[in-house]
Amino acid sequence: MKKTYHGSCHCSTVRFEADIDIDQGTSKCNCSFCAKTRFWKAFVDENALRVTSGSNYLTEYQFGSRTIVHFFCRTCGVKPFGRGETADMGVFYAINVACLDDLMPDELLNAPVEYQDGRHDHWERQPAEIRHL
């Protein structure tokens, strides 16, 4: 069931809320970005995220195919979410579950995790090794 979670960056300058069904799963991948930042995400559609304050403090970063826009707080450097668009998903947001202020640890521990092999552009399959993700 979807629940509205409230989130923020480390310094709380950027605040947002997102409607997420955490029981539908979370995601980790081994692409160069996610592996270096240990980005653990929950996907939501484009209407499920609302920035409630600090949008003018968000800065963008893109790399590679520029499919994903990574948003960071200019003050503290934390990435609360990213935005992308693909043919199968349409416009979506990837919410950093570590930035959800009211996500209870047991909810996260019980959430399914899907792994993608982004390092080799095989997003549809799990990488051979996932213990480090």
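Structure shown above.
Residues numbered from 1 in each chain as written. Predicted model: local features only at pLDDT ≥ 70, side-chain atom pairs only at ≥ 80, totals over all residues. Heavy atoms only, no water.

Draft legend 1. Fine view of the pairing of strand 8 (residues 81-86). Looking at chain direction, strand 7 (residues 68-73) and strand 8 are connected through four bridges and run antiparallel. Opposite Phe71, over in strand 8, you have Phe81 as the bridge partner. As judged from the six bridges shared by strand 8 and strand 9 (residues 90-96), these two strands associate in the antiparallel manner. By the bridge assignment for strand 9, Gly84 is matched with Phe92. The antiparallel hairpin formed by strand 8 and strand 9 contains three residues in its connecting segment. (Pairing = 2+ DSSP bridges. Helix = DSSP H or I, 4+ residues; strand = E, 2+ residues; numbered from the N terminus.)

Draft legend 2. Up close: the packing of aromatic side chains. One pass over the structure, following the stated rule, counts eight aromatic pairs. Taking 6.1 Å as the distance between ring centres and 25° as the angle between the ring planes, the aromatic pair formed by Phe33 and Phe63 counts as stacked. Here the residue Phe33 occupies a position in helix 1 (residues 32-37), and Phe63 occupies one in the loop between strand 6 (58-61) and strand 7, the gap between them amounting to 30 residues. Each ring, one from Tyr61 and one from Phe63, has its centre 5.9 Å from the other, and the planes form 20°; the classification is stacked. Through pairs of rings, three or more aromatic residues link up here, namely Phe16, Phe71, Phe81 and Tyr93. (Phe/Tyr/Trp six-rings, centres within 6.5 Å; stacked < 30°, edge-to-face > 60°.)

Draft legend 3. Focus on unusual backbone geometry. A positive phi angle, close to 65°, is found at Ser12, a residue other than glycine. Within the secondary structure layout, Ser12 lies in the loop between strand 1 (3-8) and strand 2 (15-20). By relative accessible area, Ser12 is classed as partly exposed at 28%. Positioned with a positive phi, Asp121 is a non-glycine residue whose angle comes to about 55°. As for its position among the elements, Asp121 is in the segment after strand 10 (113-116). (Buried < 20%, exposed > 50% of the residue type's maximum accessible area, 1.4 Å probe, protein only.)

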